[in-house]
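# Reading the structure
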Amino acid sequence: MVCSVSICAGEIFELKAELNSDKKEKKKEAVKKVIASMTVGKDVSALFPDVVNCMQTDNLELKKLVYLYLMNYAKSQPDMAIMAVNTFVKDCEDANPLIRALAVRTMGCIRVDKITEYLCEPLRKCLKDEDPYVRKTAAVCVAKLHDINAQLVEDQGFLDTLKDLISDSNPMVVANAVAALSEIAESHPNSNLLDLNPQSINKLLTALNECTEWGQIFILDCLANYTPRDDRESQSICERVTPRLSHANSAVVLSAVKVLMKFMEMLPKDLDYYSTLLKKLAPPLVTLLSAEPELQYVALRNINLIVQKRPEILKHEMKVFFVKYNDPIYVKLEKLDIMIRLASQANIAQVLAELKEYATEVDVDFVRKAVRAIGRCAIKVEQSAERCVSTLLDLIQTKVNYVVQEAIVVIKDIFRKYPNKYESVIATLCENLDSLDEPEARAAMIWIVGEYAERIDNADELLESFLEGFHDESTQVQLQLLTAIVKLFLKKPTETQELVQQVLSLATQDSDNPDLRDRGYIYWRLLSTDPVAAKEVVLAEKPLISEETDLIEPTLLEELICHIGTLASVYHKPPSAFVEGSRGVMHKRLPARTGSTESPDVGAAGGSAPEAAPSIIPSQGDLLGDLLNLDMAPPTTSGPPPPSTGMQMGGMDLLGGGLDSLVGISHSVDPYAATPGQPVNPFWVKWSLQTVIRRSDGILCLQVWLPAMKAKGLEISGTFARRAGVIQMELILTNKAMSVMTDFAIQFNRNSFGLAPAGPLQVLTPLGPNQTIEVSLPLSTVGPVMKMDPLNNLQVAVKNNIDVFYFSCQYPISMLFVEDGKMERQVFLATWKDIPNDNESQFQIKDCHLNSDAASSKLQGSNIFTIAKRTVEGQDMLYMSIKLSNGIWVLAELRVQAGNPNYTISLKCRAPEVSQCVFQCYEAVLKN
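Residues numbered from 1 in each chain as written. Predicted model: local features only at pLDDT ≥ 70, side-chain atom pairs only at ≥ 80, totals over all residues. Heavy atoms only, no water.

For clarity, the cut-off: UniProt positions are given in the numbering used here, feature names are shortened, and annotations may be inferred rather than shown by experiment.
Per an unreviewed UniProt entry, the protein carries the name AP complex subunit beta and comes from Oncorhynchus mykiss. Listed under Subcellular location (unreviewed entry) in UniProt, the entry text for the protein is "Endomembrane system". One UniProt comment on the protein, placed under Sequence similarities (unreviewed entry), says "Belongs to the adaptor complexes large subunit family."

In structure tokens:
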């Protein structure tokens, strides 16, 4: 932001006089002085009327200067800016196309609402101007106007005119029209403005050959969003895009690579053209590495993605990634990473020779990465493992401290990959034990000693030496030392009993670290209760480590490939991770590979966006932090996948008759009615009936969880239901504010039963003022667990484009009663006896007028199952079982006396704290 500097009154007076001079040259010099003062931050807004008067001139240079001044001060002087409107309109009809374009460009840059309505007519004329320069300028102006007032652009039909310009005869007009439509489409991802089809794609490809380099980038990026109908069309597009690979501009090259990488997905691998295309992609990527270091780095980050997806493209180009002495460190490290990805049996000797050289460099970070790279090569190429271990031993002999430590870390990984193969080197490693001072290296060495304790005669002495400074070690080393000593004890129990007691005592009694204490207690209990089980757990056979541990997850890699040539490909993160607010950022996916026999209606939409990546629920932790890191891309219409029970989510009507019922239109279908063969949950029949009764006068029987006054106008009402084994959170969102609400997301805090959203909050359209939307959110029970008070309390955070809001609600525990909760009689009897009597709770259910059979039937609808029934002295005794979603069983004895409205219920459970909640569910079901 430019700081405002005061300008003296005398200077203002002089400039005012010069601006009103009759001499054109003097007037032009005065405007130049004004612009110069404005550029250095002086406030010359007082001269606004005088500068505007200078617009009435035929001098193009003077007019440009005045327009520049206007763009800068129109926002602070909107009333004065209207004075310039007539001149703008007049200039838009000038005989000189440069003046016409200048006028429409300036009008688009003046972001003042009062002026936008005056801009429409001149803009409409310029969009159909005979001169292509004016048309291309007007096309960009539409995007600017849309940013100021989107509704006005749509009402005036400018979007349709922009679409027509894609068919323009001038390639630059086409490029600018594509750029403008792409810009608008980014802010409205569901609008499908770029409705691409084979005809429009052909026009874009024709324009591609003739427009400027930036125009080519816009067109290529647009092509990358198109999904071809079949492999023939895909090949045709690839053939016409391939010449762009030889362009001098690296941005054009990367955009072309992006299009080709995407469309190659649809080509059969046995096609001759496929292998030809692979060969054509290598040279331009290699050429990018001859540019300046900064451009090299961008190219290398993109190549890193390409190599992970298609290593065969650059498999013969290993030498270009060899490090040069004058490469900056960031280029060196990136080249090293790509070398490892391209390493194979054919070139491993060459790669190892290079890496050994790098390990003797002076740059410590680079040397560390080079040593680690040798280990990665050993893991990736099995035939080279022996040679890699030999190379690492040579490096250890150099006695360079940081080289030795890195070598030990990677040798540990080699041991994991090839067990019982290279353990002969352990003696050499133990010689360097005293020189280790980095936590990772110390932890690796301790792991080796613990894992191969039976082969090391003095293993106990080595581990004891680490134990002397136990509390000064890092947590990583402490944890590894604890495990290693327990392994040693299990292998040599008679010699190390004192040592293991010492480490367990240090870990459990003298440590403040909860992870260390927990592991210590687990080992202690295992060793004291069942040493055989301890041996099976601690000395279990370990899985082999994978070849590539740092590969990008496939779904993310596909998305990043679709963003080659952008910041996302440099950060190796999706745009939603770093674009503020993430609105307008769509998830992109590579198309599925298809043959030419695909049915013709696939891809009939032409430009429809590729299928969105599956939504991922982020890991729980700090509630606010989790919400702020949620992927907030606008939800696609596809919604989350249906639950495994086969229940269809999409057509569910949460409010019975929907909004129609609020205005008195009745519906015969009750969404809460049980489907054939599916029991009704009586706890929810009450809610369902009340909803139906009350809807006739417009009242919904839902609890308000978040009042509008506490959430900046957002009101949330809701309830819970369980249908077909799926827990649903039924929400009604009402916007009582004056602004539109978008980008909704929901997150739960840790809770007693691990409730968590099973998918994103599906608010598919913006929520306008005074609008209400119904949302059904399926829940899972696999989230993180933390005991709440009360037990069924749920803390919820909801985020939208305005803020993050918090509320808490309570769910009936009957939502967690699962359908397979009927226990076998013998198991029931044994379990009842096994649960201590102290865990038994007794309650009274008053004013209940059901007989035992009716009560049993009603309770079964809520997944409370009757195991047995017996009658003693006129009193019916029902024995029942309940299973909660977290595996807890609750056993019940319900006593029903004929003629007595008061029931007695006894509950037994290994987790007695749930008994009160279960009793409340019994009461609610039986009384309603």
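### Here's the deal with the overall build of the protein
The criterion, for reference: Helix numbering and strand numbering both begin at the N terminus, where a helix is a DSSP run of H or I of at least 4 residues and a strand a DSSP run of E of at least 2. Accessibility here uses a 1.4 Å probe with only protein chains present; expressed as a share of the type maximum, an area under 20% marks a residue as buried, one over 50% as exposed, and anything in between as partly exposed. Residues count as neighbours in contact if any of their non-hydrogen atoms are within 4.5 Å of one another. Shrake-Rupley sampling with a 1.4 Å probe provides the accessible areas, and residues are treated as covered by the protein chains on show and by no other component.
Counting secondary structure elements, the protein contains 37 helices and 13 strands. Counting all 928 residues of the protein, 51% fall into the buried class. Restricting the contact set of the protein to residue pairs at least 6 apart, pairs at least 24 apart contribute 68%. Taken as a whole, the protein presents about 43,500 Å² of accessible surface, with 51% of it coming from carbon and sulfur.

### Regarding the pattern of salt bridges
This is how it is decided: Think of a salt bridge as a Lys or Arg side-chain nitrogen and an Asp or Glu carboxyl oxygen that are within 4 Å of each other.
Enumeration according to the criterion identifies 31 salt bridges in this entry. The shortest N-O distance in the salt bridge between Glu 265 and Lys 309 comes to 3.7 Å. One end of the pair, Glu 265, is in the loop between α16 (250-264) and α17 (272-288); the other, Lys 309, is in helix α18 (residues 293-309), with 44 residues separating them in the sequence. Judged by relative accessible area, Glu 265 falls into the buried class, the value being 9%. In this structure, Glu 451 and Lys 487 form a salt bridge, with 2.7 Å as the shortest nitrogen-oxygen distance. A residue pair is termed long-range when its members are at least 10 positions apart, and Glu 451 in helix α25 (residues 439-451) and Lys 487 in helix α27 (residues 475-491) qualify at 36 residues. When sorted by exposure, Glu 451 lands in the same class as Lys 487, which is buried. One connected set of salt bridges, linked through shared partners, spans Arg 368, Arg 372, Glu 406, Glu 438 and Glu 440.

### Description of the side chain of Asn 304
Condition: For the purposes of these results, a polar contact is taken to be a pair of N or O atoms within 3.5 Å, where, inside protein, one atom must be able to donate a hydrogen and its partner to accept one; residues adjacent in sequence count only when each atom of the pair is a side-chain atom.
Take Asn 304: it is sitting in helix α18. Of note is the side chain of Asn 304, whose polar atom sits 3.1 Å from the side chain of Gln 308. At 3.0 Å, the side chain of Asn 304 and the side chain of Asp 337 are in polar contact.

### Points about a nonpolar patch on the surface
In plain terms, the rule: Excluding any residue in a salt bridge, patches collect residues exceeding 30% relative accessible area, merging like charges within 9 Å and nonpolar Val, Leu, Ile, Met, Phe, Trp and Tyr side chains within 5 Å.
The grouping of Leu 567, Tyr 571, Phe 578 and Val 579 at the surface amounts to a nonpolar patch, some 330 Å² of accessible area in total. Relative to the elements of secondary structure, Tyr 571 occurs in helix α32 (residues 567-571).

### Focus on the confidence of the model for the protein
Going by this rule: Each residue carries a pLDDT value, the predictor's own confidence for that position, ranging from 0 to 100.
Counting all residues, the mean pLDDT for the protein is 79, and 85% of those residues have values of 70 or more. The model gives residues 595-700 a pLDDT under 50, and that stretch makes 178 contacts with residues more than four places away or in other chains.

### Considerations on unusual backbone geometry
Pro 790 follows Asp 789 through a cis peptide bond whose omega is 0°. Mapped onto the elements of the fold, Pro 790 is located in the loop between β6 (772-780) and β7 (793-799). The phi dihedral of Asn 863 falls on the positive side, at around 65°, and the residue is not glycine. Inspection of the secondary structure assignment puts Asn 863 in the loop between α36 (852-860) and β10 (865-872).

### Digging into the sheet that holds β6
We apply this condition: Each pair of strands is called paired provided DSSP finds at least two bridges between the two strands.
A sheet is described by the order of its strands in space; here five strands give the open sequence β1-β2-β3-β6-β5, paired in antiparallel fashion. On the outer flanks of this sheet lie β1 (703-706) and β5 (756-757), each paired with one strand and no other. Where strand β3 (residues 726-735) and β6 come together, eight bridges link them in antiparallel fashion. Bridged to Ile 727 within β6 is Leu 779.

### Side note on helix α15 (residues 231-241)
What counts is decided by this rule: By arc we mean the arc of the directions from the helix axis to the C-beta atoms, nothing more.
All of the buried residues along α15 are Asp 231, Glu 233, Ser 234, Ile 237, Cys 238 and Val 241. The buried residues of α15 occupy an angular sector of 160° when the element is viewed end-on, so they sit on one face. Its side-chain oxygen placed 3.1 Å from the backbone nitrogen of Arg 232, Asp 230 serves as the N-cap of α15.

### Considerations on the sheet that holds strand β12 (residues 889-897)
Rules: Orientation is described by lines fitted to C-alpha atoms, with helices fitted over the stretch in contact, and by angles between N-to-C directions that extend from 0 to 180 degrees.
Taken together, five strands build an open sheet; the order of strands is β9-β13-β12-β11-β10 and the sheet is antiparallel. Of all strands in the sheet, those with a lone pairing partner are β9 (840-845) and β10, marking the two edges. Looking at each pair of strands side by side, their axes are set apart by 20° on average, direction ignored. Strand direction decides the pairing type here: β9 and strand β13 (residues 903-909), joined by six bridges, are antiparallel. Looking across to β13, one finds that Phe 843 is bridged to Ile 905. Packing against the sheet, α36 makes contact with β10, β11 (875-883) and β12, and its axis sits at approximately 5° to β11. Of the strands in this sheet, β9, β11, β12 and β13 touch helix α37 (residues 915-927), which is tilted by about 25° from β9.

### Points about the packing of aromatic side chains
Condition: Centres within 6.5 Å make a pair out of two Phe, Tyr or Trp rings, where for Trp the six-membered ring is used; the pair is then stacked when the planes are under 30 degrees apart, edge-to-face when over 60, and tilted otherwise.
Enumeration according to the criterion identifies twelve aromatic pairs in this entry. Seen in terms of ring centroids, Tyr 297 and Tyr 330 are 5.5 Å apart; in terms of plane orientation they differ by 90°. Their pairing is edge-to-face. One end of the pair, Tyr 297, is in helix α18; the other, Tyr 330, is in helix α19 (residues 329-342), and 33 residues separate them in sequence. Among the residues examined, Tyr 297 registers a relative accessible area of 24% and is labelled partly exposed. For Tyr 330, a relative accessible area of 32% translates into the label partly exposed. With a centroid separation of 6.3 Å and an interplanar angle of 85°, the aromatic rings of Trp 447 and Tyr 452 are classed as edge-to-face.

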